[in-house]
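Read off the chains here:
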Amino acid sequence: MDSTATSLGMTNMGITGIGQISIITHDLPRATAFYRDILGLPLLFTAGNMAFFDCGGVRLMLGPASAPELDHPSSILYFRVPDIQAAHRRLVEMGVKIEAPPRLIAPMKTYDLWMVGFRDSEGNIMQLMSEVPRA
Amino acid sequence: MDTRDGTKLSRIGQIAINAHDVDRATAFYRDVLGLPHLFRAGQLSFFDCGGVRLMLDKPEKPEFDHPSSILYFKVGDIRATHRRLMDAGAKFEDEPHVIAQMPKYDLWMTFFRDSENNLLALMSEVPRSS
């Protein structure tokens, strides 16, 4: 990595971060309601048959598959939350399908990594994750 | 969710990317994309991309064995990065092109495949000179 790239926070190929992630939807109003009302993410704008959300600076693009090849489930996205037990309770209250109760997935040096899997309205598996400092 | 308590979804911490050959995929994300390799844990290989962790993993179940979501990597100079990735052996689907004209900038994109045949993209917001 050259010094210019390093000072700009880039890799040597010029990549600075993830700007956007596409999530395939089969019912856009249903998916928009889920990401806005249940996950509580800010809806940025809609454009035709697409809806764009912000998640901490990364844009989520919801829309139909533009080719049959792309009509498959999403990658698992791991959303950070401060309190995974409370967030899990909230999802349950809102009727979200949970895969399994929150569990400790890896004890790291200074924290425990907790996760809980759930399904969005389109059947995609997603996860909440939380780094809980070790007492 | 309520934004005043601990249930707020603050940001994306990690993204899972399916790989059928984790060694081959690790080489691609490290040597072609140039992302910092964080660590390896068995069949899991972790990278950093501007604070978001990418986890390369073999699909655990048939249900998970599908291509990745399209991840759009931000770059400053999309033409230069396109050339560098081509030189490094990445397979592109198209040339960098304007995909949307926003009020203050043109949004450029170009699409390519990783070693596992996942579709990925480069994106760049190029300020409009008036």
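The structure displayed is predicted, hence computed values, not measured ones.

Looking now at the overall build of chain A. Looking only at helices and strands, chain A features three helices and eight strands. Overall, chain A shows an N-to-C arrangement of helices and strands of α-β-α-β-β-β-β-α-β-β-β. If one aligns the C-alpha atoms of chain A with their principal axes, the spans along those axes are about 45 × 40 × 25 Å. Counting the 135 residues in chain A, one finds 31% classified as buried. The long-range fraction of contacts in chain A, counting pairs at least 24 apart against all pairs at least 6 apart in sequence, stands at 43%.

This paragraph deals with the confidence of the model for chain B. Low pLDDT means the predicted coordinates in that region are not meant to be read closely. Chain-level statistics for chain B give a pLDDT mean of 93 and a share of 96% at 70 or above. Across the assembled chains, the prediction reports ipTM 0.90 with pTM 0.91.

This part takes up the nonpolar core. Ranked by size, the top nonpolar core spans 57 residues in total, and within it Phe79 of chain A together with Phe73 of chain B carry the most contacts. With five residues, the single largest contributor to this core is strand β1 (residues 15–24) of chain A. Other than its neighbours up to four places away in sequence, Phe73 of chain B contacts Ile15, Ile18 and Gly19 of chain A together with Leu120, Leu122 and Met123 of chain B.

Along the chain, the position of Met61 of chain A falls in strand β4 (residues 58–63). For the pair formed by Met61 of chain A and Glu122 of chain A, sequence separation is 61 residues and the distance between their alpha carbons is 14 Å.

Turning next to the pairing of strand β8 (residues 105–113) of chain B. Residue and element names in this part refer to chain B. Here two bridges tie strand β6 (residues 91–92) to β8, and the two strands are oriented antiparallel to one another. Bridging from a neighbouring strand, Lys91 pairs with Arg113 of β8. As paired strands, strand β7 (residues 97–101) and β8 are joined by four bridges and run antiparallel to one another. Within β8, the position partnered with Ala100 by the bridge is Leu107. In terms of strand pairing, β8 meets strand β9 (residues 119–127) through nine bridges, oriented antiparallel. When the bridges of β9 are listed, Tyr105 appears paired with Pro127. Once β8 ends, the chain turns through five residues before running back antiparallel as β9, passing Asn117 with a positive phi of about 75°.

Turning to the interface of chain B and chain A, a few remarks are in order. Counting residues at the interface gives 40 residues for chain B and 39 residues for chain A. Looking at which element gives the most residues to the side of chain B that touches chain A, the answer is strand β1 (residues 11–18) of chain B, with seven residues. Looking at side-chain class alone, the side of chain B that touches chain A contains 20 nonpolar, 14 polar and six charged residues. Direction of pairing for β1 of chain A relative to strand β5 (residues 71–75) of chain B: antiparallel, over a ladder of five bridges. For Gln20 of chain A, the partnering residue across the bridge sits in β5 of chain B and is Tyr72 of chain B.

Take helix α1 (residues 22–32) of chain B next. Residue and element names in this part refer to chain B. For α1, the complete set of buried residues consists of Ala25, Phe28 and Tyr29. For α1, the angular spread of the buried residues around the axis is 85°, confining them to a single face. Looking at the buried residues of α1, the elements they touch are β3 (44–49) and β4 (52–57). Where α1 terminates, the next one or two residues include Gly34, which has phi positive at roughly 75°.

Quick look at the sheet that holds strand β7 (residues 111–119) of chain A now. Taken in spatial order, the eight strands make up an open sheet running β6(A)-β7(A)-β8(A)-β5(A)-β1(B)-β4(B)-β3(B)-β2(B), and their pairing is mixed. Two strands close off the open sheet at either side, each with one partner strand: β6 (103–107) of chain A together with β2 (37–41) of chain B. Sheet twist, expressed as the average angle between the axes of neighbouring strands with direction ignored, equals 25°. Pairing analysis gives four bridges linking β2 of chain B to β3 of chain B, with the strands arranged antiparallel. For Phe39 of chain B, the partnering residue across the bridge sits in β3 of chain B and is Phe46 of chain B. Helix-sheet contacts for α1 of chain B involve β2, β3 and β4 of chain B, and the interaxial angle to β4 of chain B is about 150°.

This next bit is on unusual backbone geometry. Phi at Asn117 of chain B takes a positive value of approximately 75°, unusual for a residue other than glycine. One can find Asn117 of chain B in the loop between β8 and β9.

Definitions and limits used
Residues numbered from 1 in each chain as written. Chains lettered and ligands numbered in written order. Predicted model: local features only at pLDDT ≥ 70, side-chain atom pairs only at ≥ 80, totals over all residues. Helix = DSSP H or I, 4+ residues; strand = E, 2+ residues; numbered from the N terminus. Buried ≥ 20, exposed ≤ 12 C-beta atoms within 10 Å, placed from the backbone. Contact = placed C-beta atoms within 7 Å. pLDDT = per-residue confidence, 0-100. Core = buried A, V, L, I, M, F, W, Y, C linked by C-beta atoms within 7 Å. Pairing = 2+ DSSP bridges. Nonpolar A, V, L, I, M, F, W, Y, C, P; charged D, E, K, R; others polar. Arc of directions from axis to C-beta. Axes fitted to C-alpha atoms, helices over the stretch in contact; angles between N-to-C directions.

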